[in-house]
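# Breakdown of the fold
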Amino acid sequence: MIQKDSLLVTVQCLTYNHEPYIRQCLEGFLMQQTDFYFEVIVHDDASTDGTANIIREYAEKYPNIIKPILETENQWSKNDGSLERIMKEHTHGKYIALCEGDDYWIDVYKLQKQVDFLETHEEYGLVHTNCMIAYEKKNFILEPFQKEGVPNGNVYKQILERNFISTLTVVYRANLLKYAEQEIGNIRYWDRMMWICFSRYTNFYYLNENTAVYRVLKESMVHSDRKCLLYKLLLGTNDLLKYFDNIRIPTEDRHVFLVARSKELLIWCYFARDWKYADDFYKEIRNNGKVSLRDFILYHFVIRTHMPLSMYDCFNVMCKKLKQYKLLGFKNCLLYTSPSPRDRG
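Each value, and the rule that gives it
Residues numbered from 1 in each chain as written. Predicted model: local features only at pLDDT ≥ 70, side-chain atom pairs only at ≥ 80, totals over all residues. Heavy atoms only, no water. Helix = DSSP H or I, 4+ residues; strand = E, 2+ residues; numbered from the N terminus. Buried < 20%, exposed > 50% of the residue type's maximum accessible area, 1.4 Å probe, protein only. Contact = heavy atoms within 4.5 Å. Areas by Shrake-Rupley, 256 points an atom, 1.4 Å probe, with all protein chains shown as cover. Polar contact = N/O pair within 3.5 Å; in protein donor to acceptor, adjacent residues only side chain to side chain. Pairing = 2+ DSSP bridges. Salt bridge = Lys/Arg side-chain N within 4 Å of Asp/Glu carboxyl O. 1 Å grid on protein atoms, 1.4 Å probe; cavity = no way out; pocket = protein on both sides within 12 Å on 5 of 7 lines; lining within 4 Å. Points joined across faces, edges and corners; volume = space filled by probe spheres on them. Nonpolar A, V, L, I, M, F, W, Y, C, P; charged D, E, K, R; others polar.

Another point: the overall build of the protein. When helices and strands are counted, the protein shows 12 helices and 9 strands. Going through the 345 residues of the protein one by one, you find that 54% of them count as buried. Restricting the contact set of the protein to residue pairs at least 6 apart, pairs at least 24 apart contribute 78%. For the protein, the accessible area works out to roughly 16000 Å², and carbon and sulfur atoms hold 51% of it.

This part takes up the side chain of aspartate 239. Looking at the element boundaries, aspartate 239 is found in helix α8 (residues 223-247). The class for aspartate 239 is buried, based on a relative accessible area of 3%. Polar contacts involving the side chain of aspartate 239 include one to the side chain of tryptophan 190, which spans 2.8 Å. When residues no more than four places from it in sequence are discounted, the contact partners of aspartate 239 are Ile187, Arg188, Trp190 and Met193.

The next thing to look at is the pairing of strand β1 (residues 7-15). Burial within β1 is extensive, with 8 of its 9 residues counted as buried. Summarising the sheet, β1 and strand β2 (residues 37-44) pair through 8 bridges and their orientation is parallel. Bridge pairing links cysteine 13 to valine 42 in β2. Pairing geometry for β1 and strand β4 (residues 95-98), over 4 bridges, is parallel. Each bridged residue has a counterpart across the sheet, and for glutamine 12 the counterpart in β4 is leucine 98.

Moving on, we come to the pattern of salt bridges. This model, assessed by the stated rule, comprises 15 salt bridges. One salt bridge in this structure joins lysine 94 and glutamate 119, with 2.8 Å as the shortest N-O distance. One end of the pair, lysine 94, is in the loop between α3 (82-89) and β4; the other, glutamate 119, is in helix α4 (residues 110-120), and 25 residues separate them in sequence. Take lysine 94: its relative accessible area is 39%, and that puts it in the partly exposed class. Here the salt bridges do not stand alone but share partners, grouping Asp107, Lys113 and Glu209 into one network.

As enumerated under the stated definition, the model contains 1 cavity of 30 Å³ or more in all. Here the residues of the lining of the largest cavity are counted per class, giving 2 nonpolar, 4 polar and 3 charged.

What follows is about unusual backbone geometry. With glycine set apart, most residues show a phi of negative sign, and most peptide bonds adopt trans. Located in the positive-phi region is arginine 273, a residue other than glycine, with phi close to 55 degrees. Tracing the sequence through the fold places arginine 273 in the loop between α9 (251-272) and α10 (278-287). For histidine 306, which is not glycine, the phi dihedral falls at a positive 55 degrees. Checked against the element boundaries, histidine 306 lands in the loop between α11 (293-303) and α12 (312-324).

See the structure below:
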């Protein structure tokens, strides 16, 4: 039996300008009911609002749980692995859980359930769950995040095609980080990159329960920030390709990733109203013989005509109808996915 005072889990919480949300995030950690001790490393990356003051307040009140790291210089923007090194130096648990400062947990037994599974299933290295989504434009009313066909076990091939893991729900074995250090090196870490890396060495398990809430903020929905998200996806894609070079990934696997990623980036070109990359992404899909009817319609009748965003719902309805009649030929619609603030590489 696990001793109550034994440190088993380190929760890594990255924050930047999360003043309106960080309290709810920290309360989600503090409400966890476990038969083991856990610590929460809260890293504030030189916020310009009041986030750091709130973290100090909680650290003073709960010094045995909340362990702050308050930067005066932004680490993520350095792109030199400094953020990952800092977090590793302050991580002491056998397992690592993740949650950014604008998201939060809602299940008081979240950590206990995931740790219990990992403690009794040595062949598994990572457990993730379902979550709820809260859109700021809808006053943060909780909506279920529908996930279809989430695999268990060896998920390497599937994670190349789509990122079905919600980072804020993850708990993984800390000893997996040695593989990331060996293979990723000084490339900027992205969540997707880590999942691909880990999946080469261990099994993943999906717990189909809503244990957390992922916020979608209004600024993520405006034109300028959609462009930022597109460029962030492009940056993550380039870093992933560098990682693939490091590990000498088979050509077939590289193509699987590139086609799936191109399909995702194609729709983000439309959202961002940025047409210059769309031709390249569609060409990548076409050259690999993977153009579905949906891809064809999206490129020729939505993107090339610069269809207004106000008409996007019409396209969605058409896609759903075609899918019902099995004309699209695939199950998972990347149109409905959205990158989280950190990844989502």
